[in-house]
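Structural overview
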Amino acid sequence: ENGVSWVLPAQETVQTFLTGTIFAIAVNVIFVGSTKIISLVVTFFDVFLGMPTRFLSNLVASRKEPSDDIQEDITPLTFTLLIFGAFGKTLEVVRNVTEFFDVFVGRYLAILTVIYITFKFVHFRILPGFPLF
């Protein structure tokens with residue numbers, strides 16, 4: 001009926017205060033939970049695919065002595081392990097970016113939720129007749 005007027009109403013009531021507070025907490029839980037799930041899946045991919053491929057690539061690279069001729073260094077096995085190493089490094093970068101995004105969302109969304117609920121509480125209890133606009 002009133003749309004989203006409960007977000008920042010001109011006159012705060014018990015219903016609009018509770019609705020806005022519950023909505024802010026629910027959005028926080030959903031977003032933080034979603035980023036945690038995505039971060040967990042990406043971490044599993046990195047642990048089970050990225051780490052073994054990086055390990056194999058580093059193992060072969062550390063045992064191989066470079067020669068003067070570049071053509072002798074690149075064999076099909078070496079090329080395959082280099083591709084696996086690049087795949088493992090890519091998964092590591094994706095995991096690091098995902099973890100950064102997860103921490104960013106968790107931290108700043110919680111801060112914004114607290115600020116929003118505090119603002120609604122001040123508007124509801126401390127300054128109930130104060131117009132917003």
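In what follows, the accompanying structure is described. (Residues numbered from 1 in each chain as written. Predicted model: local features only at pLDDT ≥ 70, side-chain atom pairs only at ≥ 80, totals over all residues. Heavy atoms only, no water.)

Here the focus is the overall build of the chain. When helices and strands are counted, the chain shows three helices and zero strands. Residue pairs in contact within the chain that sit at least 24 positions apart in sequence constitute 84% of those at least 6 positions apart. Approximately 9,700 Å² of the chain is accessible, and the part contributed by carbon and sulfur atoms is 75%. (Helix = DSSP H or I, 4+ residues; strand = E, 2+ residues; numbered from the N terminus. Contact = heavy atoms within 4.5 Å. Areas by Shrake-Rupley, 256 points an atom, 1.4 Å probe, with all protein chains shown as cover.)

Take the side chain of arginine 54 next. Its location among the elements puts arginine 54 in helix α1 (residues 14-63). Relative accessible area serves as the criterion here: at 13%, arginine 54 is assigned to the buried category. When neighbours within four sequence positions are excluded, arginine 54 is seen to be in contact with Asp46, Gly85, Gly88, Lys89 and Glu92. (Buried < 20%, exposed > 50% of the residue type's maximum accessible area, 1.4 Å probe, protein only.)

Attention now goes to the packing of aromatic side chains. As enumerated under the stated definition, the model contains five aromatic pairs in all. Considering the side-chain rings of phenylalanine 100 and phenylalanine 104, the 6.4 Å spacing of their centres and the 25 degrees angle between planes classify their relative orientation as stacked. Taken together, the residues phenylalanine 100 and phenylalanine 104, both in helix α3 (residues 76-126) and four residues apart, mark about one turn of the helix. Between phenylalanine 104 and tyrosine 108 the ring centres are 4.9 Å apart and the planes differ by 50 degrees, which places this aromatic pair in the tilted class. On the criterion of helical spacing, the pair formed by phenylalanine 104 and tyrosine 108 is a turn pair, its members being four residues apart in helix α3. Linked through ring pairs, Phe17, Phe121 and Phe124 together constitute an aromatic cluster. (Phe/Tyr/Trp six-rings, centres within 6.5 Å; stacked < 30°, edge-to-face > 60°.)

With that settled, consider the environment of leucine 77. Mapped onto the secondary structure, leucine 77 falls in helix α3. Sequence separation of leucine 77 and valine 60 is 17 residues, and the distance between their C-alpha atoms is 9.4 Å.

All right, on to a nonpolar patch on the surface then. On the surface, Ile37, Leu40, Val41, Phe44, Phe45, Val47, Phe48, Leu49, Met51 and Phe87 cluster together into a nonpolar patch covering about 950 Å² of accessible area. It is α1 that provides the largest number of residues to the nonpolar patch, a total of nine residues. (Patch = residues over 30% accessible without salt bridge, like charges linked within 9 Å, V, L, I, M, F, W, Y side chains within 5 Å. Salt bridge = Lys/Arg side-chain N within 4 Å of Asp/Glu carboxyl O.)

Turning to its location among the elements, arginine 95 is positioned in helix α3. Owing to a relative accessible area of 16%, arginine 95 belongs among the buried residues under this scheme.

Within the element layout of this structure, alanine 86 appears in helix α3. Once the C-alpha coordinates of alanine 86 and serine 57 are considered, the two residues, 29 residues apart in sequence, prove to be 8.7 Å apart.

Moving on, we get to the pattern of salt bridges. One pass over the structure, following the stated rule, counts six salt bridges. The salt bridge partner of arginine 95 is aspartate 46, with a shortest N-O separation of 2.5 Å. With arginine 95 in helix α3 and aspartate 46 in helix α1, the pair connects residues that are 49 residues apart, well separated along the chain. With a shortest N-O distance of 3.1 Å, lysine 89 and glutamate 92 are connected by a salt bridge. Highlighted residues: lysine 89 and glutamate 92, both in helix α3, separated by three residues, approximately one helical turn. Classification of lysine 89 as partly exposed rests on a relative accessible area of 49%. Taken together, the shared-partner salt bridges in this structure form one network comprising Asp46, Arg54, Lys89, Glu92, Arg95 and Glu99.

What follows is about the environment of threonine 43. Structurally, threonine 43 is set in helix α1. Separated by 56 residues in the primary sequence, threonine 43 and glutamate 99 place their C-alpha atoms 8.7 Å from one another.

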